[in-house]
Amino acid sequence: MWSSVILLTVFALLTSAQNDFDAIQGCKQYTISRPSYNSPNPYYALDQFQDLQQVEVAGLKIRSIKIAVIGSNDGVIRLSPVEQPYQNTLMDEIVLSGWGNTRNAVRQYVRSSPSRYTRAVILANQLSGGILSPYKPFVFTLSIVNDHLVALSKNGESLPFLQYTDVGVTPKYIGFSNWNAPVSVFYDSILGCKQYTITGPSYKNPNPYFALDEFQNVLDVEVAGLKIRTIRPGVMGSNDGVIRLAPVVEPYQNTLMEEIVLSGWKNTRNAVRHGTSFIHYRGFRCIHYSGTGYNNYRGIHSICSA
């Protein structure tokens, strides 16, 4: 069952959060030093972002990225269906803490050139609480649900502070701008990874557990009453990458928990076990199989015992 080496690489870094700038380590930076609201700022394809996280839960397809803005006011984010939105393109514009760092707003409009748009419709307009600062980054998650609901959530919070729906626009590209003050936008984090390597069989050993809420790029969003937490791990090994999820840091006192086996049984099956762990291993009552690897196993089923 065991490979000789299992290496677990976790893209969601553990962090000690020494200062506000830890959250933008490894990010790309786009700085606008002069007013550029009417300038042809570049647009970036969302599906090319390295930190893009995509999940589907209860019929909701959710795409999420992290963004940070430094500036005294008016962090402008534009969402477009095309890379060059200047041919009467219907698109959305989010203004973070404009009007002297006092209000958030969302506009839908038709843009015909970098300096001209028409048919503007206000989709959201609310007090911002002075969220922007020229001295530290304002970090948030931008989530797009089923292509038309857009939610912005502050770093470390799941409920959005700004949310709107626009059935007329399917965002595929994102651009950044400002109004009358310099703005720096940090995006597409390519943070390094923590590495945990297992060189010998350790299934029954007390391997360490890490707190999910201390992962640096964990994405927490809440949409349609669903609280969704996302991280991105990577595994290297010939078979049996085992991931355990527990409610406590030392799950050895009759702890109810889950265990995910990635491509076990000689790289042929995925499985999820739900059960009670005692000391280092006691066993699990229910196992859920799905086929993977070779084509000698098809279908999905569960096996449970009393």
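Everything numeric here is computed off the predicted structure, so don't read it as measured data. (Residues numbered from 1 in each chain as written. Predicted model: local features only at pLDDT ≥ 70, side-chain atom pairs only at ≥ 80, totals over all residues. Heavy atoms only, no water.)

Q: A description of the pattern of salt bridges should follow, citing residues and the corresponding values.
A: Using the criterion set out here, one finds eight salt bridges in the structure. Between Lys28 and Asp188 there is a salt bridge, with its nearest N and O atoms 3.1 Å apart. Taken together, the positions of Lys28 in strand β2 (residues 28-32) and Asp188 in the loop between β14 (183-187) and β15 (194-198) put the pair 160 residues apart, joining distant regions of the chain. Residue Arg111 is joined to Glu93 by a salt bridge in which the shortest nitrogen-to-oxygen separation is 3.9 Å. Within this pair, whereas Arg111 is found in strand β8 (residues 103-113), its partner Glu93 is found in strand β7 (residues 89-97), the two being separated by 18 residues in sequence. On the basis of relative accessibility, which here comes to 0%, the residue Arg111 falls in the buried class. (Salt bridge = Lys/Arg side-chain N within 4 Å of Asp/Glu carboxyl O. Helix = DSSP H or I, 4+ residues; strand = E, 2+ residues; numbered from the N terminus. Buried < 20%, exposed > 50% of the residue type's maximum accessible area, 1.4 Å probe, protein only.)

Q: Account for the pairing of strand β4 (residues 53-57), naming residues and giving values.
A: Sheet topology note: the β4/strand β5 (residues 60-71) ladder contains five bridges and is antiparallel. If you follow Gln54 over to β5, its bridge partner there is Arg63. Hairpin connection of β4 to β5: two residues between the antiparallel strands, including Ala58 at a positive phi of 50 degrees. (Pairing = 2+ DSSP bridges.)

Q: For the sheet that holds β8, give the residues involved together with the corresponding values.
A: Taken in spatial order, the six strands of this open sheet run β3-β13-β6-β7-β8-β9, and their pairing is antiparallel. One side of each edge strand has no neighbouring strand; the edge strands of this open sheet are β3 (43-45) and β9 (116-127). On average, each strand axis in the sheet is tilted by 25 degrees relative to the strand beside it, whichever way the strands run. As paired strands, β3 and strand β13 (residues 173-177) are joined by three bridges and run antiparallel to one another. Considered in β13, the bridge of Tyr43 is made with Gly175. (Axes fitted to C-alpha atoms, helices over the stretch in contact; angles between N-to-C directions.)

Q: Describe the packing of aromatic side chains, listing the residues and the values that go with them.
A: For the structure shown, the criterion picks out 10 aromatic pairs. Ring centres 5.7 Å apart and planes at 40 degrees place the aromatic pair Phe49 and Tyr187 in the tilted group. Remark: Tyr187 occurs in strand β14 and Phe49 occurs in the loop between β3 and β4; sequence separation between them is 138 residues. On the basis of relative accessible area, Tyr187 is assigned to the buried category, the value being 6%. Each member of the aromatic cluster is reached from another via a ring pair, and the members are Tyr30, Tyr44, Phe49, Phe176 and Tyr187. Across the ring face of Tyr37, the terminal group of Arg78 is positioned such that the distance to the ring centre comes to 4.7 Å. (Phe/Tyr/Trp six-rings, centres within 6.5 Å; stacked < 30°, edge-to-face > 60°. Lys NZ or Arg CZ within 6 Å of the ring centre and 35° of its normal.)

Q: Account for the environment of Ala124, naming residues and giving values.
A: Take Ala124: it is sitting in strand β9. Looking at Ala124, the relative accessible area reads 10%, which means it is buried. Along the chain, Ala124 and Thr165 lie 41 residues apart, while their C-alpha atoms are 9.4 Å from each other. If we ignore the near neighbours within four places in the chain, the residues touching Ala124 are Asn104, Ala105, Val106 and Leu162. (Contact = heavy atoms within 4.5 Å.)

Q: Lay out unusual backbone geometry in plain terms, naming residues and giving numbers.
A: Among all residues save glycine, negative phi is the norm, and among peptide bonds the norm is trans. The phi torsion at Asn146 lies on the positive side, around 50 degrees, for a residue other than glycine. Position of Asn146 relative to the elements: it lies in the loop between β10 (138-145) and β11 (149-154). In this structure, Asn254 takes a positive phi of about 55 degrees despite not being glycine. Relative to the helices and strands, Asn254 is located in strand β20 (residues 253-263).

Q: How would you summarise the side chain of Ser153 if you had to cite specific residues and measurements?
A: Looking at where Ser153 falls in the secondary structure, it is placed in strand β11. Excluding residues that lie within four positions of it along the chain, Ser153 makes contacts with Phe140, Thr141, Ser158, Leu159, Pro160, Phe161 and Asp220.

Q: Quick one: what's the story with the confidence of the model for the protein, residue by residue and with numbers?
A: Across the protein, the average pLDDT comes to 82, with 82% of residues at or above 70. No element of the protein has a lower mean pLDDT than strand β23 (residues 300-304), which averages 37, and none a higher one than strand β6 (residues 75-80), which averages 98. Residue range residues 1-17 is modelled with pLDDT below 50. Its contacts to residues more than four positions away, or to other chains, number 77 contacts. Here residues 278-306 is modelled with pLDDT under 50, and outside its nearest four sequence neighbours on either side it reaches 72 contacts, counting other chains as well. (pLDDT = per-residue confidence, 0-100.)

Q: Break down the nonpolar core for me, with residues and values.
A: Counting residues in each nonpolar core, the largest one holds 30 residues, and the members touching the most others are Ile67, Ile77, Ile94, Phe140, Leu142, Leu152 and Ile174. When sequence neighbours within four positions are dropped, the list of residues in contact with Ile174 reads Pro42, Tyr43, Tyr44, Leu46, Phe49, Ile65, Ile67, Ile77, Arg78 and Leu79. Grouped together as the second largest cluster of nonpolar side chains are six residues, Ile62, Val145, Val223 and Ile228 included. (Core = buried A, V, L, I, M, F, W, Y, C linked by side-chain atoms within 4.5 Å.)

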